[in-house]
Amino acid sequence: IKIDNMTKIDINKMLFAVIGMLELSETELLADIIYRKTGGNALLVNQFIKYLWDDGLLWFSFRQRCWKWDTKTLESKDVFKNAADLISQKILFLPTDIQLALTKMACIGSQCDITILLLICNWNGANKNPPRTLSKLDIAVEEGLVRKNCLEYCFAHDQIESAAYSLIPEKHQGPWHLSIGKKLLSSCNSEEEIEKIIFLITDQLNRGKLSMKEEAEHISLIELNYRAAKKAISSSMFSNASHYLKEGINLLEKKHCESHHRLWISLYVSYAETEYCNGNFKNVRDTVGSIIAHAKSLDDKVPAYKTLCLCVGSVKRKNIDATRIGLDVLGQLGEHFTLKRSFVSGFAELFKTKLLLMGKDVDIIMSKVMEDKQMLVIMDLLETTSIYCPHNMVPLLPLRIIKLSLSHGVCVNTAYGFAFYSGMLCHVGDVSGAYKYGKFALDIMQRMQARQKYCRVYSCLYFGVFLKTNHMHSCLGPVLKARHEGLKAGDTLHATVCAALYCSIAFRCEKKLASVKQVLTHFKREAKVYKQEAMWTPAIPLEQAILNLMGHTDKPNLLDGSAMPSEKIDTLISNAKSDDAERLLCVAYYYQMLVAYIFDDLELAIKMVEEYLDLEYPLEGLVVGTEVVFLYGLTSLAQARKTNEVIWKNRGHESMRKVRKLAKDCPKNYHHKLLLLEAECAFTSGRIKKATEKYELAVAMSKKNDFIQDQALSYELASKFYAEQRNEKKASHYYGKAHDLYLEWGATGKADHLRENSPF
């Protein structure tokens, strides 16, 4: 808790309340002196007043029945430079053994376990009655220097800790830490006991390393740092892990690369991996360079190349470089791929994989576990490299994972292979097959206890098949959990992917836009911290679309505002085209299409539709892709009514055919959308009775399926239909319903647009 410095008025009020003078003005001079000598530091004010009492400079006069002080003496009193100086003087008045306990406790930190304190003060050996010994510290507790919390003592303030530590002469501080570290280590009777206090032991020895004389001590400390780092990694404490690994690396000498090569490589590889998790990509490149320069074999280099691949791929417009790194190492391991493979070859491999899997259930696939070490390395590299592959190669590497799993046994990477395979089946329209193998992926992940793959597997499945088979609202929890598991595993890339996916789904499901915007802002900052801005980029158009709907832009029909200025979208689209990043283009075109349609700019919406159709690989399998199909149908039918051109009617019918398939697979997500398209189609064709029936059903079903924005849109389009039929009463009623629902959702900008353009 941060407490601001007290003002002179604050100090005077406190003195008046404590001393109990008749008038507030009577303590003003004393408050002024205390303020000038303490700067208003709350702790220093408190301790300074206690010090004046202890030193007899502030006393109670029984004759005059009031508190007294000598202003001249106080003015001449030495000014303490800081709170530590004042508290240090106070500690020096305590008994010697209490001083020792406080200084030893300060070596440990802000708090210290009672058993640790007994050990480092030698109180458990010299005195067989620990409670009586510890009772000595009650003096420090009474003085307000420490607090006792169950099984530990805590300094009451970090300034008190600093003051206690400052009492140790600087030249003795290192030896003290070394002595404490050795004592803690020797007190452990098993590896399990060491593991419990590994951080404390290692911290103390690191602070005392300059006092070490023997090389064996240095090697032992390097190993302890590596061990502490591994424990930190297991708890997702990646910055702490990097600290311990850096400490270990700093203790290494050139000769250790030969004499302790495995330890040397392990430290550097782990440091590169944790620095990637921390987003320190420059450190990753430098560390990988050192590993490659000192490696004795390809086995030494492979983990470093894998981390470098992830690092390079996390930088904008570097996917192809990351792919080349991965493919080069795979080639050295006997797995040869070329960047020139055609997209058709991917579908050929998909067909071959289908044949290989015929008649095989998950038990058959799991009957053999992969044990070959080189094959395990290959599987890991296939998975990592596949993340950054261009479109023509995307299917090849995950399918290779499945083939190797069938021939050599399954491993943790197998789950990812099947998740990706599920996504490919979903993309080609085989939803039932996609769902089946998606379940395979989850089953394999669970059986292999591969929680580190949770985030990658779920990002594949919830980007595709599960959004077509599960109610969209039920997908929010698993995707959010996947993001959390990704961060725990250090997979910041896929954690960011899941964060962006979560926001995309929440935009469709949540009842309040403001809450979506809040979560989106949090995840955006998180992506920046982990240097995963490239993975977050597809969420930028969504953020601007939300701002448009909420009324935070002057041009609501354009993706142009604080999140995405007009020059930024031009740059975004230009870069995406040059990078062949069609997923980003799909997202940018969709959200521009959405706000243009929502704010009645049909011409721009149609232009975005045509841009989308020109893409080589439109992503209809993703959440945005399925929404594009729906919106494409609405814009086409609206344009058909405007121009009476057959081509737009045909496009509307084609979209309706696709949405009908989606509605069949998952009615809760798409049935109300199908009904609205059918209503618009009937309206366009002049089938008034049919249109009336479908609009009413669309309104009811969107409410039942719990999609507030689709319900608002259904009311709005129904209102336009009834207005065209000159049913002004029903048209105005539905117009009002649409306005109220947009307002409830938080789309104030859209609600205002309806009100300002009301025909009633």
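Everything that follows concerns the structure shown earlier in this document.
Just so it is clear, the structure is predicted and the values come from calculations on it, not from any experiment.

Participant: What am I meant to see in the environment of alanine 679 here?
Facilitator: With respect to the helices and strands, the residue alanine 679 is situated in helix α40 (residues 667–685). Here alanine 679 falls in the buried class, since its relative accessible area comes to 0%. A C-alpha to C-alpha distance of 69 Å links alanine 679 and isoleucine 249, two positions 430 residues apart in sequence. Those residues in contact with alanine 679, other than ones at most four positions away along the chain, are Ala691, Lys694 and Tyr695.

Participant: What am I meant to see in the nonpolar core here?
Facilitator: Side chains of nonpolar character tend, in soluble globular proteins, to be buried together. Counting residues in hydrophobic clusters, the biggest one holds 239 residues, and the most contacted among them are Leu102, Phe418, Tyr591 and Tyr742. Ignoring anything within four residues of it in the chain, the contact list for tyrosine 591 reads Ser504, Phe507, Pro541, Leu542, Ala545, Leu559 and Val624. One finds Ala31, Ile34, Leu52 and Leu74 within the second-largest nonpolar core, a separate group that totals 20 residues.

Participant: How should the state of the cysteines be read in this particular structure?
Facilitator: Note on terminology: disulfide describes a covalent bond linking the sulfur atoms of two cysteines. One pass over the structure, following the stated rule, counts 0 disulfides. You can see cysteine 498 has no disulfide; the closest cysteine sulfur is in cysteine 455, sitting 3.7 Å from it. Using a relative accessible area of 1% as the deciding quantity, one classes cysteine 498 as buried.

Participant: How do you make sense of the sheet that holds strand β5 (residues 152–155) when you look at a structure like this?
Facilitator: A sheet is described by the order of its strands in space; here 3 strands give the open sequence β3-β5-β4, paired in antiparallel fashion. Edge strands, defined here as strands with exactly one partner in the open sheet, are β3 (111–113) and β4 (146–149). Shown here is a sheet whose adjacent strand axes are inclined to one another by a mean of 20 degrees, direction ignored. Bridge analysis of β3 against β5 gives 3 bridges, and the strand direction is antiparallel. Across the sheet, aspartate 113 pairs through a bridge with glutamate 152, a residue of β5.

Participant: Even after reading the chapter, I still don't get the pairing of β4, so can you show me in this structure?
Facilitator: For a regular strand, side chains alternate in direction, first toward one face of the sheet and then toward the other. Two strands pair when backbone bridges link them, and β4 and β5 are joined in this way by 4 bridges, in the antiparallel orientation. Its bridge partner lying in β5, asparagine 149 is registered against glutamate 152. What sits between the antiparallel neighbours β4 and β5 is a turn of 2 residues, in which cysteine 150 has the positive phi angle 55 degrees.

The rules we used
- Residues numbered from 1 in each chain as written.
- Predicted model: local features only at pLDDT ≥ 70, side-chain atom pairs only at ≥ 80, totals over all residues.
- Heavy atoms only, no water.
- Helix = DSSP H or I, 4+ residues; strand = E, 2+ residues; numbered from the N terminus.
- Buried < 20%, exposed > 50% of the residue type's maximum accessible area, 1.4 Å probe, protein only.
- Contact = heavy atoms within 4.5 Å.
- Core = buried A, V, L, I, M, F, W, Y, C linked by side-chain atoms within 4.5 Å.
- Disulfide = S-S within 2.5 Å.
- Pairing = 2+ DSSP bridges.
- Axes fitted to C-alpha atoms, helices over the stretch in contact; angles between N-to-C directions.

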